[in-house]
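Structure assessment
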Amino acid sequence: MAATVIDSLLFRDAFGTPAMREVFSDRALIRRYIEVEVALARAEAACGVIPAEAAEAIARTCSFEALDLDLLRRETDNVGYPILPLVHQLVHQCGEAGRYVHWGATTQDIMDTATVLQIRAGLEIVAADLAALRGILADLSARYRDTPMAGRTHLQQALPVTFGYKTAIWLAMIDRHAERLEELKPRVLVGQFAGAAGTLASLGAEGLRVQEAFCRELGLGVPASTWHVARDGFAEAVNLLALVTGTLGKIALDIMIMASTEFAEVYEPFVTGRGASSTMPQKRNPISSELMLAAAKGVRQQAGLMLDAMVQDFERATGPWHAEWMAIPESFVLTAGALHQAKFALGGLIVDEARMRENLGISRGLIVAEAAMMALAPHTGRQQAHDLVYAACRFVNERGGTLAEALTAMPEVTAHLDRAAIDRLTDPANYLGSAPEMVDRVLSGAARGA
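Everything in this summary refers to the structure shown in the same document. (Residues numbered from 1 in each chain as written. Predicted model: local features only at pLDDT ≥ 70, side-chain atom pairs only at ≥ 80, totals over all residues. Heavy atoms only, no water.)

**Examining the overall build of the protein**
- Helix and strand counts for the protein stand at 19 helices and four strands.
- Taken over the C-alpha trace, the protein has a radius of gyration of 30 Å; the compact-globule value for 450 residues is 22 Å, which it surpasses by more than 25%.
- The dimensions of the protein, computed from C-alpha atoms along their principal axes, are 100 × 50 × 35 Å.
- The 450 residues of the protein split such that 50% are buried.
- Across the protein, contacts joining residues at least 24 apart in sequence account for 75% of those joining residues at least 6 apart.
- On the protein, roughly 21300 Å² of surface is accessible, and the fraction owed to carbon and sulfur atoms is 55%.
- Mean positive and mean negative side-chain charge positions of the protein (41 and 53 charges, respectively) differ by 4 Å. (Helix = DSSP H or I, 4+ residues; strand = E, 2+ residues; numbered from the N terminus. Rg over C-alpha atoms; globule rule 2.2 N^0.38 Å. Buried < 20%, exposed > 50% of the residue type's maximum accessible area, 1.4 Å probe, protein only. Contact = heavy atoms within 4.5 Å. Areas by Shrake-Rupley, 256 points an atom, 1.4 Å probe, with all protein chains shown as cover. Lys, Arg positive; Asp, Glu negative; His and termini not counted. Charge placed at Lys NZ, Arg CZ, Asp CG, Glu CD.)

**Overview of a nonpolar patch on the surface**
- Among the surface-exposed residues, Val5, Leu10 and Phe11 lie close enough to one another that they form a single nonpolar patch of about 290 Å² accessible area.
- Among the structural elements, Val5 can be located in the segment before helix H1 (12-15).
- Its relative accessible area of 32% is what places Val5 among the partly exposed residues. (Patch = residues over 30% accessible without salt bridge, like charges linked within 9 Å, V, L, I, M, F, W, Y side chains within 5 Å. Salt bridge = Lys/Arg side-chain N within 4 Å of Asp/Glu carboxyl O.)

**Regarding unusual backbone geometry**
- Here Leu155, not a glycine, exhibits a phi torsion of approximately 65 degrees, which is positive.
- Topologically, Leu155 is positioned in the loop between strand E1 (148-153) and strand E2 (156-162).
- On the basis of relative accessibility, which here comes to 62%, the residue Leu155 falls in the exposed class.
- Positioned with a positive phi, Ala264 is a non-glycine residue whose angle comes to about 55 degrees.
- Tracing the sequence through the fold places Ala264 in the loop between helix H10 (232-258) and strand E3 (266-267).

**Concerning the state of the cysteines**
- Tallied over the entire structure, the rule returns zero disulfides.
- With no disulfide of its own, Cys94 lies 3.5 Å from the sulfur of Cys62, the closest cysteine sulfur.
- Cys47 supplies the cysteine sulfur nearest to Cys215, a cysteine that is in no disulfide, at a spacing of 11 Å. (Disulfide = S-S within 2.5 Å.)

**A few points about the environment of Ala242**
- Here Ala242 is to be found in helix H10.
- Since its relative accessible area comes to 18%, Ala242 is described here as buried.
- A sequence separation of 172 residues divides Ala242 from Thr414, and the C-alpha atoms of the two residues are 54 Å apart.

**So, the environment of Ala224**
- Within the secondary structure, Ala224 sits in the loop between helix H9 (207-218) and H10.
- Look at Ala224 and you get exposed, because its relative accessible area is 88%.
- Residues Ala224 and His340 lie 116 residues apart in sequence; the distance between their C-alpha atoms is 36 Å.

**Considerations on the packing of aromatic side chains**
- A full pass over the atoms with the stated rule returns nine aromatic pairs.
- Ring centres of Tyr100 and Trp103 lie 5.3 Å apart, and the angle between their planes is 45 degrees; on these two criteria the pair is classed as tilted.
- Its relative accessible area of 34% is what places Trp103 among the partly exposed residues. (Phe/Tyr/Trp six-rings, centres within 6.5 Å; stacked < 30°, edge-to-face > 60°.)

**A closer look at the side chain of Asn359**
- Relative to the elements of secondary structure, Asn359 occurs in helix H13 (residues 353-360).
- In this structure the side chain of Asn359 is engaged in a polar contact, spanning 2.9 Å, whose partner is the side chain of Glu265. (Polar contact = N/O pair within 3.5 Å; in protein donor to acceptor, adjacent residues only side chain to side chain.)

**Some remarks on the pairing of E2**
- Relative to E2, E1 is paired through five bridges, and the arrangement is antiparallel. Residue pairing across strands places Met149 opposite Val161, the latter belonging to E2. (Pairing = 2+ DSSP bridges.)

**A closer look at the packing of H10 against helix H11 (residues 287-309)**
- Axis separation between H10 and H11 bottoms out at 7 Å; the angle between their running directions is 155 degrees. Comparing the axis directions of H10 and H11 gives the class roughly antiparallel. For H10 against H11, the interelement crossing comes out left-handed.
- Looking at the contact of H10 with H11 residue by residue, the classes come out as 17 nonpolar, six polar and one charged. (Axes fitted to C-alpha atoms, helices over the stretch in contact; angles between N-to-C directions. Parallel < 35°, antiparallel > 145°, perpendicular 65-115°, else oblique. Left-handed = near helix turned anticlockwise from the far one by under 90°. Nonpolar A, V, L, I, M, F, W, Y, C, P; charged D, E, K, R; others polar.)

**Some details on helix H5 (residues 69-79)**
- Residue Asp68 occupies the N-cap position of H5, its side-chain oxygen lying 3.2 Å from the main-chain nitrogen of Asp70.
- Taken from the residues just after H5, Gly80 is the one with a positive phi, measuring 105 degrees.

**Some words on the pattern of salt bridges**
- This structure, assessed with the given rule, holds 20 salt bridges.
- Two residues, Arg134 and Asp175, come together in a salt bridge whose shortest N-O distance is 2.7 Å. Separated by 41 residues along the polypeptide, Arg134 in helix H7 (residues 107-143) and Asp175 in helix H8 (residues 163-188) bring together distant segments of the chain.
- As a salt-bridge pair, Arg209 and Glu206 come within 2.3 Å of each other at their nearest N and O atoms.
- Classification of Arg209 as partly exposed rests on a relative accessible area of 44%.
- Through salt bridges with shared partners, a single ionic network connects Asp70, Arg73 and Arg74.

So this is what it looks like as structure tokens:
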């Protein structure tokens, strides 16, 4: 029976994806262990450390299908690690060649390298999802480049922006995550083969040659030094996922607030029954955004755990390493789930441009008070202009009307600005600053990185 949302029959596709769950499944992990053991045998044969025919037999004979998985589970529970029980069975499978299985290796070599292979596969999925999401956000940014809406600071209307400007900010974050993902690969996708205390002493003078051949067999980088207790690479990978899901959480929060009844500016795609309430038929809850936000919080917790796991004692840790076994798979699965939800929510996002314009007008021009102040400042000085417009804003708040009407009633203002100028200054669509041009810059960068 499932104990977490990651493998729950009910929740697993809300919080993850089948592809990422498969990468981190037990069966896939055990296959990775075997792949690593075979690669080690081939590397050692290439370096003349073990007979070539033994390596060929190991590669030919080692079989996941022939394993007694129940025995492997019981012995792993007893030993505390899966490699020794696995090696027992592989040795039996390989007959005479079995004496050379796991030659000169230590348990952590096999487990760490298998985890690297999982991370490599997981990052490929994340990279593909990021690329798809970049395309979706680029389309939104281009389409709504000039669509005015209220920009908000401290949840109050501040100045006009465009919806394309908002989505371009989201896109720029995703662009940077895609860059980070590529940049970390040389640091993270490296093999681990170093022996008991990390010195390769069991292989004598051939140790570093075997290590290089081993990494080459698996298509991994060669580490400069043993990283049994140097866990910055794995911590970096999970903290990248925390950055990715943190961005998705921010996007989700924006969507949820903009989808609230009082804002009503955007909605997640309509699917019959999705987001429905058991008691309130009118409800249309932003389910994907809620799941994205929850995943962001979950991955953040695991990122912190990975930082804790970096604090390891001497040449082999007495517990922090085990924390990674929890944090890495869950982080990748939750990230894949959040990206899946983001592609759905943003790929079919419903944008109500009319409601954005309506909301932009609810302040009766106050949202562009800065525009009036800056136009008046060359005539009166900035501080006096500020005080005049501030007084006009107070009048609107206390007595009603619009900012344009309040300014028109002030002789100190009309001495410098006529009604046409005041109307132009108090139209929010005329005070977008460089927002559209910033969209263009983000789209240009996204195109280069595609």
